Amino acid sequence: IGKIEGNQFIGVRYPFKVSAPPGWKVTIEIPNFLEELGYDKAGLEESEVFIYNPSTQSNLQIDVTPAGRYAKFSQESIEWLATAATGSFEEEFKKDYGKDVKFEVGLTTPFSLKGVQFAAKKYATYTIKGVKREQGWIYGFSEPYQIFILYMILEKGGANDREDMKKILDSFEFASRK
């Protein structure tokens, strides 16, 4: 739950904001094409905001959820969670595209998000129907919230989606409510 002002989302339920570059859309409604790209509707319903490029369908979604009462996080545990997501990705990928379609998984790396104590990024690259994709997940923790950012970059001629995605992530800011 939040409000959209121009190309910026400002969280109401959860204290974060994020902006999109010109040409990108910011919405709280699930974009129709995300299920066609392989996202599960039930998972999409958890997200607070969606940001996407209508011409390429590159996209990002953000889900914030309260951490369990006794949950403890460290950089190491967040990196483990990001790595663990690879297992379900591999399983779903093979189910959706078959065993013959290959993908490469990048290393799990620490990631910096403004106002977020611990964060890590993991991604995979693959080609479907002649279009190279990077699908990634960024997990973070900022007391008392867990942050899940899922993104997909579809490399279509002439688009600067990789640079735009970096701008979107650089604009993300989580504010403490202490």
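Just above sits the structure.
Read on for an overview of the structure. Remember, predicted model here, so these are calculated numbers, not experimental data.

**Considerations on helix α4 (residues 161-171)**
Stage number 1. Looking at α4, one finds that the buried residues are Asp161, Asp164, Met165, Ile168, Leu169 and Ser171. Angularly, the buried residues of α4 cover 160° about the axis, an arc narrow enough to put them on a single face.
Stage number 2. On its buried face, α4 is in contact with β3 (16-19), β5 (49-52), β6 (59-66), β10 (131-142), β11 (145-155) and β12 (173-174).

**Overview of the pairing of β6**
Stage number 1. Most of β6 is tucked away, with 6 of its 8 residues classed as buried.
Stage number 2. Relative to β6, β5 is paired through 4 bridges, and the arrangement is antiparallel. In the strand pairing of β6, Phe50 is matched with Gln61.
Stage number 3. Between the antiparallel neighbours β5 and β6 lie 6 residues, among them Gln57 with a positive phi of about 70°.

**Comments concerning the packing of aromatic side chains**
Stage number 1. This model, assessed by the stated rule, comprises 17 aromatic pairs.
Stage number 2. Between Phe16 and Phe174 the ring centres are 6.5 Å apart and the planes differ by 0°, which places this aromatic pair in the stacked class. In this pair, Phe16 is assigned in strand β3 and Phe174 in strand β12, connecting sequence segments 158 residues apart. The pair Phe16 / Phe174 is uniform in exposure class, with both members buried.

**Overview of the side chain of Thr86**
Stage number 1. Within the secondary structure, Thr86 is located in helix α3 (residues 75-97).
Stage number 2. Within the structure, the side chain of Thr86 is placed 2.9 Å from the backbone oxygen of Thr83, a separation counted as a polar contact.
Stage number 3. Residues contacting Thr86, with those up to four places away along its chain left out, are Val105, Lys122 and Trp137.

**Focus on unusual backbone geometry**
Stage number 1. In this structure, the amide linkage connecting Glu143 to the following residue, Pro144, adopts the cis form with an omega of 0°.
Stage number 2. Assignment of secondary structure puts Pro144 in the loop between β10 and β11.
Stage number 3. Positive phi outside glycine occurs at Gln57, with the angle close to 70°.
Stage number 4. Residue position: Gln57 is located in the loop between β5 and β6.
Stage number 5. Residue Gln57 is classed as partly exposed on the basis of its relative accessible area, which comes to 24%.
Stage number 6. A positive phi angle, near 50°, is found at Lys129, a position not held by glycine.
Stage number 7. Secondary-structure assignment places Lys129 in the loop between β9 (118-128) and β10.

**Remarks on the nonpolar core**
Stage number 1. Formed by 26 residues in total, the largest nonpolar core has its most connected members in Phe16, Val18, Leu60, Ile62, Ile149 and Phe172.
Stage number 2. When residues of this core are traced back to their parent elements, those giving at least two are β3, β5, β6, β11 and α4.
Stage number 3. No other element matches the 5 residues that β11 contributes to this core.
Stage number 4. Judged by nonpolar contacts, the second largest core, of 25 residues, contains Ile78, Phe118, Ala124 and Phe141.

**Points about the environment of Glu163**
Stage number 1. Relative to the assigned elements, Glu163 resides in helix α4.
Stage number 2. On the basis of relative accessibility, which here comes to 45%, the residue Glu163 falls in the partly exposed class.
Stage number 3. Taking the C-alpha atoms as reference points, Glu163 and Pro21, 142 residues apart in sequence, are found 9.9 Å from one another.

**So, the pairing of β11**
Stage number 1. Taking burial as the measure, the 11 residues of β11 include 8 buried ones, the bulk of the element.
Stage number 2. For β6 and β11, the ladder comprises 8 bridges, and the chain directions are antiparallel. By the bridge assignment for β11, Val64 is matched with Ile147.
Stage number 3. As defined by bridge partners, β10 adjoins β11 across 11 bridges and the pair is classed as antiparallel. Bridge pairing in β11 places Trp137 opposite Leu150.
Stage number 4. Taking the residues that link successive antiparallel strands as the turn, the β10-β11 hairpin has 2 residues.

What counts and what doesn't
Residues numbered from 1 in each chain as written. Predicted model: local features only at pLDDT ≥ 70, side-chain atom pairs only at ≥ 80, totals over all residues. Heavy atoms only, no water. Buried < 20%, exposed > 50% of the residue type's maximum accessible area, 1.4 Å probe, protein only. Helix = DSSP H or I, 4+ residues; strand = E, 2+ residues; numbered from the N terminus. Arc of directions from axis to C-beta. Contact = heavy atoms within 4.5 Å. Pairing = 2+ DSSP bridges. Phe/Tyr/Trp six-rings, centres within 6.5 Å; stacked < 30°, edge-to-face > 60°. Polar contact = N/O pair within 3.5 Å; in protein donor to acceptor, adjacent residues only side chain to side chain. Core = buried A, V, L, I, M, F, W, Y, C linked by side-chain atoms within 4.5 Å.

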